[in-house]
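In case you want the letters, here they are:
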Amino acid sequence: MAQAAATMHVSDEVMIKLEGVNKWYGQFHVLKSINLTVKKGERIVICGPSGSGKSTLIRCINRLEEHQKGRISVENIELTHDLKNIEQVRREVGMVFQHFNLFPHLTVLENLTLAPIWVRKMPKAEAEAVARKYLERVKIPEQAEKYPGQLSGGQQQRVAIARSLCMNPKIMLFDEPTSALDPEMIKEVLEVMIELARSGMTMICVTHEMGFARTVANRVIFMDRGEIIEENEPEEFFNHPRSDRTKLFLSQILHH
Amino acid sequence: MADITASGQHVRQPDLPPPASEVGVVSWLRKNLFSSLPNAALTLLGLYLLYVIVPSLVEWAFIYAHWVEGVNNKECAQADIPAGACWTMIRARFGILMYGFYPPPERWRVDLTFVLQFAAIGGLLIEGVPYKKYWAIFLFGVFPFLAFYLLLGGIGIPLVETSAWGGLMLNLVLATTGIVASLPIGILLALGRRSKLPIIRLLSVAFIEFVRGVPLITVLFMASVVFPLFMPEGVNFNKLLRVVIGIILFSAAYIAENVRGGLQAIPKGQYEGAMALGLNYWKMNALVVLPQALRIAIPSIVNSFIGLFMDTTLVNVVGQIELLGMGLSSARDPNWLGTTNTALAFVSLVFFIFCFGMSRYSQYLERKLYTGHKR
């Protein structure tokens, strides 16, 4: 498994840079001086107890949440109040949510072609061809004409991944993509994500799927109470955690 | 236990038909009308009320009613027969009930306008009719100007002042303009009320709350009587136009609240999903949020539209005599004294037909747009 991760290429090109990022919800200090650099092709898994700020952190990367101090830049575009920058970043960063967030009034195909047509100005026929290609890749080409409400959770999440990929993003963010799924559907989604990682996509995943982390991640980050406590290669992280907080967390999720 | 064979394998049981007590007329009656003592009592009470009301209504409207042509109420006011509806009056006054004081030789223009309007609405709304795009362009881009020209005239065809417009035609003109114009304004107000920009939010809230706090009749008086007082000397515009604008703004405030109700039902995840794909504010609302919010708001929006159609009867108070006004004034005509019931019955029937049509269409639309497929 470790070999699989090792064969995946990581370049020196910096895709995402967070410097001293702080965020508050009212009085609650949710992110504390976060520093993180993500290079092209890196697969990063972020884990930590609930309320540790890991979702907030990745939601800051495409500005679904606003940070109040520090700098975040994606492909050298800094995220500020400038709407143009925000939209430019969002075009290049795909995101997959815990609850899929598919558009229930549109068919699967329309979900996939919406952004390419209206944001990328792609002709409809071309957008549909691209959409069908990605549906093939997530192994549900036969569901194109159905509505999201007619699909299982696992199928919906794969549609959501395909929808992001249709925008041809350079970075993919996953916010607990398997947490809302029934156990027998988690595998089909993880397989799609593993395949995506092998294709060289830059990925940041908030997940508790430690098997996934071992298989594809080249870095695991552990967060607690708004801080990055520890980060390391997966083998080291799981076999020789340094901080007591990490040890406790790993013992709770691995042996229950 | 019987469905396990000796070898321990499970054997599937066949599907059996439901027991006789679940099917048939008697079982339907028992389940739906006589399931319990209170339910049976309600059923009997309902039947008794129907027995009291329906026969006398049928007698009044059909059996003892007067249908012949005539020029006064001599036909209807005979003392030796029981009271019946005086449809004779409706026949004699039909033109004025439909068109008001619109001159009879020019009434074909009104007919043509509404034939075009209903054809275009039908073309747009009825499933299976082709060229939807062109119907829409015609209805929203061409028809308003065409209708304005046809109804008002002036160049090539004689001018008919708006003060002569009346009867059902006036209700329909006011209601269609009100509906078509207030929906987009209402949507913008609803978005404004939820906007992150404080000035826009404040203006929207102020407008909506002010208009909702004032009765329509006050708005109409202001439009027709008060507004001209504030205009500079010599500057003025048509009274009916002022009234129409009043109705549009009034209706828009209510539509805004209906749409806001729909918007509140849309989960945050839909906004985030759209934003994460790079859709900007307007595209997110137009493509993702509003289609879902409007579907949810259909019942309350149609409710407001039906209310708006009914409210067009209020323009009587500013001297524009629409269908209800024409009906009542017909019954006050010395030739037709004693026909108020008939006038009200006819007016009610006409309003009912239009409102029931709107209501049925909205239910059809709700079913058609339903893609929830709850599993």
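Residues numbered from 1 in each chain as written. Chains lettered and ligands numbered in written order. Predicted model: local features only at pLDDT ≥ 70, side-chain atom pairs only at ≥ 80, totals over all residues. Heavy atoms only, no water.

## Describing the overall build of chain A
For clarity, the cut-off: Elements are defined by DSSP. Helices are runs of H or I of four residues or more, strands are runs of E of two residues or more, and each kind is numbered from the N terminus. Only C-alpha atoms enter the radius of gyration, while the globule expectation follows 2.2 Å times N to the 0.38, with N the number of residues. Remark: exposure states derive from per-residue accessible area (1.4 Å probe, protein chains only) relative to the maximum for the residue type, with buried under 20%, exposed over 50%, and partly exposed in between. Note on contacts: a residue pair qualifies if any of its non-hydrogen atoms lie within 4.5 Å across the two residues. Accessibility throughout is a Shrake-Rupley quantity obtained with a 1.4 Å probe, and a residue counts as covered only by protein chains that appear here. Working convention for charge: Lys and Arg count positive, Asp and Glu count negative, and His plus the chain ends are omitted. The atom standing in for a charge is NZ when the residue is Lys, CZ when it is Arg, CG when it is Asp and CD when it is Glu.
Of regular secondary structure, chain A possesses ten helices and ten strands. In terms of C-alpha radius of gyration, chain A reaches 18 Å, essentially the compact-globule figure of 18 Å for 256 residues. C-alpha extents for chain A along the principal axes are approximately 55 × 45 × 35 Å. Within the span of chain A, comprising 256 residues, buried residues form 57% of the whole. Taking contacts inside chain A between residues at least 6 apart in sequence as the whole, the part at least 24 apart equals 66%. Roughly 11,300 Å² of accessible area belongs to chain A as shown, and the carbon and sulfur atoms make up 49% of that amount. Distance from the positive charge centre (33 side chains) to the negative charge centre (33 side chains) of chain A: 3 Å.

## Quick notes on helix α7 (residues 198–212) of chain B
All names here are of chain B. Under the convention used in this document: A helix is expected to span 1.5 Å for every residue after the first. Along the arc lie the directions from the helix axis toward the C-beta atoms.
Taking 1.5 Å per residue as the helical rise, α7 with its 15 residues ought to reach 21 Å, and the 21 Å between its terminal C-alpha atoms agrees with that figure. All buried positions along α7 are accounted for by Ser-204, Ile-208 and Val-211. For α7, the arc enclosing every buried residue in end-on projection is 75°, short of the 170-degree limit, so these residues lie on one face. α7 presents Pro-198, Ile-199, Leu-202 and Phe-210 as exposed residues on the side facing more than 90 degrees away from its buried surface.

## Remarks on the packing of aromatic side chains
Residue and element names in this part refer to chain B. What counts here: The rule is short: rings of Phe, Tyr and Trp, with Trp giving its six-membered ring, pair when the centres are within 6.5 Å, and they are stacked under 30 degrees, edge-to-face over 60, tilted in between.
Taken as a whole and assessed by the stated rule, the structure comprises 16 aromatic pairs over all chains. Measuring from centroid to centroid gives 6.3 Å for Tyr-131 and Tyr-134, while their planes differ by 65°, and the two rings are edge-to-face. Accessibility classification places Tyr-131 together with Tyr-134 in one group, the exposed group. Judged by centre distance (5.1 Å) and plane angle (45°), the ring pair of Phe-250 and Tyr-254 falls under tilted. In this pair, Phe-250 and Tyr-254 both sit in helix α9 (residues 239–264), four residues apart, roughly one turn of the helix. Overall, the relative accessible area of 10% leaves Phe-250 in the buried class.

## Focus: the nonpolar core
Cut-off, in case you're wondering: Throughout, nonpolar core names a set of buried Ala, Val, Leu, Ile, Met, Phe, Trp, Tyr and Cys residues whose side chains join them through atoms within 4.5 Å.
Residues Trp-165, Leu-263 and Leu-323 of chain B are the most contacted members of the largest nonpolar core, which totals 86 residues. Ranked by residues supplied to this core, first place goes to helix α11 (residues 281–311) of chain B with 14 residues. Core analysis: the second largest hydrophobic core is formed by 47 residues, Ala-131, Ala-160, Val-192 and Leu-196 of chain A among them.

## Some points on the side chain of Asn-111 of chain A
As for its position among the elements, Asn-111 of chain A is in helix α4 (residues 108–118). Those residues in contact with Asn-111 of chain A, other than ones at most four positions away along the chain, are Leu-102, Phe-103, Leu-106, Pro-148 and Arg-163 of chain A.

## Looking at the state of the cysteines
Under the convention used in this document: In this description, the term disulfide denotes a pair of cysteine sulfurs within 2.5 Å.
Enumeration over the complete set of coordinates arrives at one disulfide over all chains. Free of any disulfide, Cys-60 of chain A has its nearest neighbouring cysteine sulfur in Cys-205 of chain A, separated by 17 Å.

## Examining the interface of chain A and chain B
Reports of interface size often rely on the accessible area that becomes lost once the parts have come together. To be explicit about the condition: By definition, the buried area sums, over both parts, the 1.4 Å-probe accessible area that each loses when the two are put together. Each reported salt bridge corresponds to a side-chain nitrogen of Lys or Arg within 4 Å of a carboxyl oxygen of Asp or Glu.
With 26 residues of chain A in contact, the opposing surface of chain B contributes 21 residues. Taking both partners together, chain A and chain B bury about 2,100 Å²; carbon and sulfur atoms supply 62% of that area. Taken as a group, Arg-90, Phe-103 and His-105 of chain A account for 24% of the area that chain A buries against chain B, more than any other trio of residues on that side. Along the contact surface separating chain A from chain B lie one salt bridge. Across the pair Glu-272 of chain B and Arg-59 of chain A runs a salt bridge whose closest N-O atoms are separated by 2.6 Å. Those elements that provide at least two residues to the side of chain A that touches chain B are α3 (83–92), β6 (93–96), α4 and α6 (153–165) of chain A. At three residues, α4 of chain A tops the list of elements feeding residues into the side of chain A that touches chain B.

## A short note on the confidence of the model for chain A
Going by this rule: Looking at any residue, its pLDDT shows the predictor's confidence there, from 0 to 100.
On average, residues of chain A score 92 in pLDDT, and 96% of them are at 70 or above. Low pLDDT (under 50) marks residues 1–6 of chain A, which in the prediction has seven contacts with non-local residues, meaning those over four places away or in another chain.

## Examining the sheet that holds strand β8 (residues 202–206) of chain A
All names here are of chain A. Formally: A pair of strands is labelled paired if DSSP reports no fewer than 2 bridges between them. Note on definitions: angles span 0 to 180 degrees between N-to-C directions of axes, and those axes are lines fitted to C-alpha atoms, for helices only across the stretch in contact.
In space, the six strands of this open sheet follow the order β6-β7-β8-β3-β9-β10, with mixed pairing throughout. With partners counted over all chains shown, the strands left at the sheet margins are β6 and β10 (227–232), one partner each. The mean inter-strand angle of the sheet, taken between neighbouring strand axes irrespective of direction, is 20°. Sheet analysis places β6 next to strand β7 (residues 171–175), joined by four bridges and oriented parallel. When the bridges of β7 are listed, Val-96 appears paired with Phe-174.

## A short note on empty space enclosed by the protein
Just so we agree on the cut-off: Cavity: a set of points on a 1 Å grid over the protein atoms alone where a 1.4 Å probe fits but cannot get out. Pocket: an open set with protein on both sides within 12 Å along at least five of seven lines, its lining residues, like those of a cavity, having an atom within 4 Å of a point. Grid points are joined across faces, edges and corners, and a volume is the space filled by probe spheres set on the points.
This structure, assessed with the given rule, holds two cavities of 30 Å³ or more. In this model, the largest cavity occupies a volume close to 50 Å³. Residue lining of the largest cavity: Gly-94, Met-95, Val-96, Phe-97, Phe-100, Ala-160, Arg-163 and Ser-164 of chain A together with Gly-273, Ala-276 and Leu-277 of chain B, and that is the complete set. Within the residue set of the lining of the largest cavity, elements represented by two or more residues are β6 and α6 of chain A together with α10 (268–276) of chain B. Roughly 30 Å³ of internal volume is contained in the second largest cavity. If you trace the second largest cavity, you find it lined by Arg-90, Arg-91, Val-93, Gly-94, Ser-164, Met-167 and Pro-169 of chain A together with Ala-276 and Leu-277 of chain B. Put simply, the parts of the chain that give the lining of the second largest cavity at least two residues each are α3 and β6 of chain A.

## With respect to the pattern of salt bridges
Under the definition given, this model contains 29 salt bridges over all chains. One salt bridge in this structure joins Arg-71 of chain A and Glu-19 of chain A, with 3.5 Å as the shortest N-O distance. Taken together, the residues Arg-71 of chain A in strand β4 (residues 69–74) and Glu-19 of chain A in strand β1 (residues 14–25) connect sequence positions 52 residues apart. The residue Arg-212 of chain B makes a salt bridge to Glu-209 of chain B at a minimum N-O spacing of 3.4 Å.

## Considerations on the pairing of strand β2 (residues 28–39) of chain A
One face of the sheet, then the other: side chains in a regular strand alternate in exactly this way. Residue and element names in this part refer to chain A. As judged from the eight bridges shared by β1 and β2, these two strands associate in the antiparallel manner. Residue pairing for β2: Ile-16 is matched across the bridge by Val-38. In this antiparallel pair of consecutive strands, β1 and β2, the connection spans two residues, and Gly-26 shows a positive phi of 60°.

## A word on the layout of surface pockets
The condition is simple: Three classes are used: nonpolar for Ala, Val, Leu, Ile, Met, Phe, Trp, Tyr, Cys and Pro, charged for Asp, Glu, Lys and Arg, and polar for all others, with Gly counted as polar.
If you add up the space inside the second largest pocket, you get close to 1,200 Å³. In terms of lining residues, the second largest pocket is bounded by 29 residues, among which Leu-83 of chain A together with Lys-196, Met-275, Tyr-281 and Met-284 of chain B are the most central. Elements that contribute at least two residues to the lining of the second largest pocket include exactly α3 of chain A together with α6 (167–193), α10 and α11 of chain B. Tallied by class, residues from the lining of the second largest pocket come to 14 nonpolar, five polar and ten charged.

## A short note on the sheet that holds β1 of chain A
All names here are of chain A. The sheet built from four strands is open, its strands ordered β2-β1-β4-β5 with antiparallel pairing. The sheet terminates laterally at β2 and β5 (77–78), the two strands that pair on one side only. Looking at chain direction, β1 and β4 are connected through five bridges and run antiparallel. Paired with Leu-18 across the strands is Ile-72, a residue of β4. Against the sheet, helix α2 (residues 54–61) touches β1, β2 and β4, its axis set at about 125° to β1.

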